[in-house]
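# Coordinates in review
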Amino acid sequence: MANLRTMSFDAVIVGGGGSGMRAALQLAQSGYNTAVITKVFPTRSHTVSAQGGITCAIASDDPDDQWQWHMYDTIKGSDYIGDQEAIEYMCQTGPEAVFELEHMGLPFSRTKEGRIYQRPFGGQSKDYGAGGQAARTCAAADRTGHALLHTLYQGNLKNKTVFLTEWFAVDIVQNEDKAVVGVVAINIETGESVYVKSKATVFATGGAGRIYASTTNAHICTGDGIGMALRAGFPVQDIEMWQFHPTGIHGAGTLVTEGCRGEGGYLINKDGERFMERYAPNAKDLAGRDVVARSMVLEILEGRGCGPEGDHVYLKLDHLGEEALNAKLPGILELSRTFAHADPVKVPIPVVPTCHYMMGGIPTNVDGQALTIDREGNDEVIEGLYSCGEAACVSVHGANRLGGNSLLDLVVFGRASGIFIEKKLKEGIDLKEATQDDIDRAMVVLNKINSSTEGENSAKLRGELQTIMQNYFGVFRRGDFMEQGVAKLDELRPRIQNVFLADKSLAFNTARIEALELQNLFETAYATAIAAAGRTESRGAHAREDFQERDDDNWLCHSIYFPGSKEIGKRSVNFSLKTREPFEPKVRTY
Amino acid sequence: MIDKAVRFYHSGLFDWFVQRVTALLMTAYLIFMLIYLFINPDLSYGQWEALNKSLGMRAFTFLTMIAMLSHAWIGNWCVLTDYVTERLIGPKANFIRNSIRFGMAILTFAYIAWAINILWRF
Amino acid sequence: MLTVSIYRYNPEIDQEPYMQDFEFDAQGKDLMVLDVLEKLKVEDPTLVFRRSCREGVCGSDGVNISGKNGLACITPISDAVRGNKLVIRPLPGLPVIRDLVIDMAQFYAQYEKIQPYMINDSAPPKIERLQSPEERSKLDGLYECILCACCSTACPSFWWNPEKFIGPSGLLQAYRFLADSRDTGTEERLSNLDDPFSVFRCHGIMNCVQVCPKGLNPTKAIGHIRKMLISSPA
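This structure is a prediction, so every number in the text was calculated from the model and none was measured. (Residues numbered from 1 in each chain as written. Chains lettered and ligands numbered in written order. Predicted model: local features only at pLDDT ≥ 70, side-chain atom pairs only at ≥ 80, totals over all residues. Heavy atoms only, no water.)

## So, the side chain of C:Asn10
Here C:Asn10 shows up in the loop between β1 (2-8) and β2 (18-24). Residue classification places C:Asn10 among the buried residues on the basis of a relative accessible area of 6%. In contact with C:Asn10, other than residues within four places in its own chain, are A:Ser505, C:Arg98 and C:Asp99. (Helix = DSSP H or I, 4+ residues; strand = E, 2+ residues; numbered from the N terminus. Buried < 20%, exposed > 50% of the residue type's maximum accessible area, 1.4 Å probe, protein only. Contact = heavy atoms within 4.5 Å.)

Printed below as a string of structure tokens:
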């Protein structure tokens with residue numbers, strides 16, 4: 001095996017989205033030699049598509065707002081398997097992190113007082129649910145993710161972060177102690193493989209919505225970090241928890257922000273009925289996303305869907321008036337006109353629940369350190385590996401994420417990882433050098449693809465995978481169906497591992513990248529399938545027809561999928577708050 | 001003050017400003033001439049000579065001439081730095097461009113001398 | 001059947017670029033140009049283009065579609081097909097790496113030149129810096145830029161002087177910071193723009209405005225910068 005060129009950094013962040021760039025910024029500011037490996041130019045990362053805003057108790061809309069109320073909402077929203085310590089940290093640190101973004105130049109929308117504009121989002125309340133709907137989501141019109149991502153990129157330019165743009169991380173390099181000492185990455189433009197060596201490797205690789213056929217996620221959301229972690233033998237947590245966003249544009253899958261309902265829009269069925277009044281009498285259209293998505297599917301299944309096939313419902317906005325729509329939801333008008341051929345100023349938008357967010361991921365602590373579980377079920381830190389953002393499961397979203405909490409998650413925990421790594425680097429990190437064998441192990445998958453002489457085309461295999469996931473592991477799940485799904489995935493595994501790369505050229509060969517992404521998609525999908533079949537209850541986004549009730553006696557815990565044995569285990573949920581007594585599980589209604 | 005003037009001279013704003021002022025002057029001259037010719041349809045040589053002999057008219061014509069040459073000088077530089085560059089035509093570009101500029105400079109001075117000669121010949 | 005004619009160039013194989021025709025059946029649907037490219041890539045995996053969000057906000061898939069720069073993902077074929085033919089080329093004016101993928105280094109370098117970040121060295125308050133809705137509204141039409149390069153690569157001044165002329169996209173962003181009430185770097189920014197090339201190579205032909213997929217107006221922003229340069233004290 002020829003020796004790879006080595007590049008060395010203090011810290012390497014894999015992923016140039018919001019959390020990755022927030023972590024990189026922290027480290028670059030303190031003068032550490034930091035590199036971001038990103039498979040697309042950073043501002044093309046999927047954070048750019050976030051619309052509605054970043055939820056945080058900055059007390060602009062309501063001067064009496066408290067972060068503790070936000071914490072309560074988030075814990076309730078998680079259906080009680082979010083780690084309370086992490087949620088406390090996120091909600092308490094949030095305002096500081098959001099103000100930092102503002103100071104960096106993020107162009108938030110403003111109130112008359114000149115403060116940041118906040119809009120109501122689903123699952124938000126005042127006074128621990130007793131004070132009615134809160135407006136806590138800080139917004140830059142309906143382009144908050146775009147504004148946030150560009151601001152972070154700009155901050156990194158200012159602080160001279162090294163960007164390995166259009167580089168693709170292939171696999172983790174582990175030394176003889178099983179500590180992570182960097183990754184092997186491909187420079188997409190030249191095709192060269194390089195060992196990128198690092199004292200701290202941060203996986204900020206985002207989600208994997210592309211395991212489903214219908215998703216709001218970008219083409220690039222292929223779970224690369226999850227795939228790499230699983231191939232390295234590390235477990236993932238709560239990976240069965242996939243959020244289906246209530247309002248994806250029917251047919252196209254593009255996202256329509258919850259902010260539409262926050263601003264007063266609502267869902268109607270074919271009879272024009274505002275059906276959410278029946279399912280969630282108090283919060284109505286602003287109930288948790290899992291609740292709204294399931295209600296929509298029930299309306300469709302019971303024959304009250306809209307359109308000739310009766311396979312979607314409508315989101316009505318026209319009553320808000322053209323002026324308000326232009327000011328608050330300009331991006332939505334554009335998207336709807338383009339992808340639904342519907343002008344929301346005049347007609348409602350056809351929408352359907354669409355795969356949106358991966359609540360699960362690489363288990364980490366509040367400092368972003370990746371964890372594995374030892375034989376006795378105790379947490380054990382994986383030396384050298386960190387994770388933040390959607391790729392990580394810290395876990396602040398539990399079984400269901402609240403709208404606007406993803407941007408907060410990625411900023412707060414990107415920052416926290418950066419701060420912690422900074423501290424570790426200051427103390428001195430001493431990891432054993434990787435040997436040639438260690439590096440070669442990270443090249444196995446790539447080498448197999450590069451030397452393939454026959455097999456199937458990756459696009460076709462990807463299509464099959466997505467169809468299986470869509471059909472057997474969707475909004476509603478059933479044990480016997482899922483068993484069939486797992487069997488189909490077992491049949492698909494060798495075909496995907498033997499994917500055929502016909503074009504072996506080096507320069508900007510995206511077919512090679514897609515073949516690698518397919519491996520990551522499959523690992524993520526398979527973990528999802530096993531974990532979903534294993535969790536024999538309904539909780540948050542995981543709704544089973546054969547186990548319709550939440551089962552706190554057996555399942556008030558995280559699921560942990562172990563790639564070696566392909567089995568799931570359990571990990572206890574953190575119920576320890578620093579500032580008050582923990583929130584005990586209650587029946588979750590809106 | 002001198003600093004400011006020097007910086008202004010080297011700035012893109014200076015060129016931009018000169019192009020606008022000279023354009024206005026040339027337009028004014030053109031409009032004046034058109035109006036003059038329109039209200040004097042049976043213009044005699046005597047009348048024409050008298051007009052152009054006045055100090056005011058001589059100055060106006062001369063200034064317009066200078067404006068036109070400045071305008072052309074800057075415009076020509078813009079065109080040359082767009083198209084006659086190493087990027088577009090290779091390493092000979094600088095030599096060719098400078099040669100054209102040199103030719104332009106000689107031509108410009110010749111035009112000024114010629115203009116003085118015409119205007120003050122009467 | 002639709003004829004899709006695509007610019008092809010693989011530096012490892014081809015001496016020079018060529019146009020390749022594909023026959024494509026849209027099955028009567030008004031697909032987006034990106035959908036067409038995706039489907040063609042299933043049949044011919046060697047076809048290379050950039051794409052990410054597929055909804056017009058990431059700016060990856062700027063290409064030249066039947067002669068006009070635009071985003072493949074939000075350009076329906078009904079807008080782009082001429083005489084049953086769809087012609088897709090890379091954005092003009094920058095080097096081609098492979099097929100529809102261009103080398104955007106020069107474009108990004110111009111963006112970096114304008115110091116695309118907030119300059120304000122005063123100690124920040126405990127909360128956000130206040131900004132009135134009126135002050136904030138000055139950023140509308142500026143901050144939405146997605147750096148797709150459709151505008152700059154439609155601009156002849158940028159074609160001729162990509163190292164010296166900032167280009168419409170970079171200038172739009174320059175004005176985004178000049179117009180921000182929270183930014184205190186106005187003088188520094190203006191003095192960096194005051195050479196004969198950076199701003200003044202714009203001759204106002206408005207190609208940028210015509211192609212911008214987000215409906216932004218760089219020419220207007222450039223006009224504002226010029227006005228600020230005229231009235232700046234130094």
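So that's the structure; there's more coming.
## Remarks on the packing of aromatic side chains
If you walk through the whole model with that rule in mind, you get 23 aromatic pairs over all chains. Here A:Phe41 and A:Tyr153 contribute two aromatic rings whose centre-to-centre distance is 5.1 Å and whose plane-to-plane angle is 70°, an arrangement assigned as edge-to-face. Residue A:Phe41 is located in the loop between β2 (34-38) and β3 (54-55), and its partner A:Tyr153 is located in helix α4 (residues 144-158); the two are separated by 112 residues in the primary sequence. You can call A:Tyr153 buried: its relative accessible area is 4%. Pairwise contacts between aromatic rings join A:Phe41, A:Tyr153, A:Phe163, C:Phe107, C:Tyr108 and C:Tyr111 into one cluster. Taking NZ or CZ as reference, A:Arg478 lies 4.3 Å from the ring centre of A:Phe481, over its face. Against the face of A:Tyr128 rests A:Arg580, its NZ or CZ located 5.4 Å from the ring centre. (Phe/Tyr/Trp six-rings, centres within 6.5 Å; stacked < 30°, edge-to-face > 60°. Lys NZ or Arg CZ within 6 Å of the ring centre and 35° of its normal.)

## Let's talk about the domain arrangement of chain C
Residue and element names in this part refer to chain C. Under the domain assignment used here, chain C contains domain 1 (2-102) and domain 2 (105-231). Residue-level contacts link 14 residues of domain 1 with 15 residues of domain 2. Sorting the residues of domain 1 by area buried against domain 2 places Lys68, Asn69 and Leu94 first, and these three jointly supply 39% of that buried surface. Taken together, domain 1 and domain 2 are joined by 0 salt bridges. In this structure, the connection of domain 1 to domain 2 is made through 4 residue pairs in polar contact (both at pLDDT 80 or more). If one sorts the elements of the side of domain 1 that touches domain 2 by residue count, strand β4 (residues 68-71) sits on top with 4 residues. (Domains from an automatic or database assignment. Buried area = accessible area lost by both parts, 1.4 Å probe. Salt bridge = Lys/Arg side-chain N within 4 Å of Asp/Glu carboxyl O. Polar contact = N/O pair within 3.5 Å; in protein donor to acceptor, adjacent residues only side chain to side chain.)

## Looking at the interface of chain C and chain B
Across the contact, 18 residues belong to chain C and 15 residues belong to chain B. Around 1,500 Å² of area is buried between chain C and chain B when both sides are counted, 56% of it from carbon and sulfur atoms. Summed over the shared surface of chain C and chain B, the number is 2 salt bridges. The salt bridge partner of C:Arg201 is B:Asp82, with a shortest N-O separation of 2.8 Å. At the boundary of chain C with chain B, the tally comes to 8 residue pairs in polar contact (both at pLDDT 80 or more). Where the side of chain C that touches chain B is concerned, the elements lending two or more residues are α5 (156-160) and α9 (218-231) of chain C. Per-element tally for the side of chain C that touches chain B: the top contributor is α9(C), with 3 residues.

## A short note on the arrangement of the chains
There are 2 pairs of chains in contact here; the most contacts are made by chains A and C. Between chain A and chain B there is no contact, and the shortest C-alpha to C-alpha separation is 23 Å.

## Side note on helix α6 (residues 93-119) of chain B
Residues and elements named next belong to chain B. Over its 27 residues, α6 runs 38 Å from end to end, which matches the ideal 39 Å to within 8%, given 1.5 Å per residue. Buried within α6 are the following residues: Ala93, Arg97, Arg101, Met104, Thr108, Ala115 and Leu119. In the core, the buried residues of α6 are packed alongside α4 (55-83) and α5 (86-89). (Expected span 1.5 Å × (residues − 1).)

## What about the sheet that holds strand β5 (residues 133-138) of chain A?
Residue and element names in this part refer to chain A. In space, the 3 strands of this open sheet follow the order β3-β5-β4, with antiparallel pairing throughout. Only two strands of the sheet have a single neighbouring strand rather than two, namely β3 and β4 (118-125). Where β4 and β5 come together, 4 bridges link them in antiparallel fashion. The residue of β5 that forms the bridge with Gln118 is Cys138. (Pairing = 2+ DSSP bridges.)

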